[in-house]
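In case you want the letters, here they are:
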Amino acid sequence: MRYITGGIAMGAALVLGGGLLAAGTTTASAAPAPAPAPAIQAQSLYAASAMVLTTGHGANSTEASVDRAVTLTCFPQAIGTHPNPKGACDALRAAGGDFKKLTTIKSGTACTKEWNPIVVTADGVWEGQRIRFERTFGNPCEAKAGKGTLFEF
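Note that the coordinates shown come from a computational prediction; the quantities given were computed from them, not determined experimentally. Counting restarts for each chain: residues are numbered from 1 in the order of the written sequence. With the structure being a predicted model, the display of local features is reserved for residues of pLDDT at least 70 and the display and counting of side-chain atom pairs for 80 or more, all residues being used for whole-chain, interface and lining totals. Only heavy atoms go into the side-chain values, all of them from the structure, while hydrogens and water stay out.

Before going further, it helps to examine the sheet that holds strand β2 (residues 65–75). Following DSSP output, two strands are said to pair if at least two bridges run between them. Helix and strand labels come from DSSP, where a helix needs a run of H or I of at least four residues and a strand needs a run of E of at least two; each type is numbered from the N terminus. A sheet is described by the order of its strands in space; here four strands give the open sequence β2-β1-β3-β4, paired in antiparallel fashion. The open sheet is flanked by β2 and β4 (129–137), the only strands paired with a single partner. For this sheet, the mean angle separating the axes of adjacent strands, direction not counted, is 15°. For this analysis, residues touch if any pair of their heavy atoms sits within 4.5 Å. Angles run from 0 to 180 degrees between N-to-C directions of axes, and those axes are lines fitted to C-alpha atoms, restricted for helices to the stretch in contact. Of the strands in this sheet, β1 (49–57), β2 and β3 (118–126) touch helix α2 (residues 85–94), which is tilted by about 75° from β2.

Shown next as structure tokens:
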């Protein structure tokens, strides 16, 4: 019995002593933990806007060969592989995100009637809404007249 109580007392002393020693060591030598890096803060009430834009030859996106593809992010800032991300984002904002409005062929445009289709697509998110847009132009003349800043790459 004597050995049992002595063993319990010794174990308790080691546990308590080790805890106090560890606590004393930790508080004396440890510097305060660095604050975690702040998450990226939204600068506006708009949700993220990022998409992939493509152009290709073909009647629709499933049949077309992709000639060019770029990325465009409009929020929190205009960036991406698009050659003019600020201009493209400004055009999208001015059109209220209406891709049809941005790809309308300007009236008075004279183009041949050849069938050499070019398809443009946009796939991603615009102001928090999932978007999937596709427009087929009859030929390169119509595409040049209708793709505007957004699909000019």
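Read on, since the account is not over.
In this description, the term disulfide denotes a pair of cysteine sulfurs within 2.5 Å. Applying the stated criterion across every chain yields a total of two disulfides. A disulfide bridge connects cysteine 74 with cysteine 89, and the sulfur atoms are separated by 2.0 Å. Residues cysteine 74 and cysteine 89 are joined by a disulfide whose S-S torsion is about -90°; by sign, that bridge is left-handed. Remark: cysteine 89 occurs in helix α2 and cysteine 74 occurs in strand β2; sequence separation between them is 15 residues. Here cysteine 74 and cysteine 89 have matching classes, each one buried. Between the sulfur atoms of cysteine 111 and its disulfide mate cysteine 141 the distance is 1.9 Å. With the S-S dihedral at roughly -75°, the linkage between cysteine 111 and cysteine 141 falls on the left-handed side. Of this pair, cysteine 111 sits in the loop between α3 (99–102) and β3 while cysteine 141 sits in helix α4 (residues 140–146), placing them 30 residues apart in sequence. Only protein chains enter the calculation, and the probe is 1.4 Å; a residue is then buried if its accessible area is under 20% of its type maximum, exposed if over 50%, and partly exposed in between. Accessibility expressed as a relative area gives 25% for cysteine 111, which makes it partly exposed. For the protein, the disulfide bridges join cysteines in the arrangement 1-2, 3-4, where the cysteines are counted in sequence order.

Membership of the largest hydrophobic core comes to 23 residues, with the highest contact counts inside it found for Met51, Leu53, Leu72, Leu92, Phe99, Leu150 and Phe151. Only β1, β2, α2, α3, β3 and β4 provide two or more residues apiece to this core. Throughout this description, the term nonpolar core refers to a set of buried Ala, Val, Leu, Ile, Met, Phe, Trp, Tyr and Cys residues connected via side-chain atoms within 4.5 Å.

By the burial criterion, the buried members of α2 are Pro85, Gly87, Ala88, Cys89, Ala91 and Leu92. Within two residues after α2, glycine 96 carries a phi angle of roughly 65°, on the positive side.

The subject of this paragraph is the side chain of histidine 82. Relative to the elements of secondary structure, histidine 82 occurs in the loop between β2 and α2. Polar contact is the term for a pair of N or O atoms within 3.5 Å; when the atoms are in protein, one must be able to donate a hydrogen and the other to accept it, and sequence-neighboring residues count only if both atoms are side-chain atoms. A polar contact is formed between the side chain of histidine 82 and the backbone oxygen of leucine 150, at a distance of 2.9 Å. Once residues within four sequence positions are removed from consideration, histidine 82 is found in contact with Leu53, Val70, Thr71, Leu72, Ala88, Thr149, Leu150, Glu152 and Phe153.

As far as function goes, none of this settles anything; it's purely spatial.
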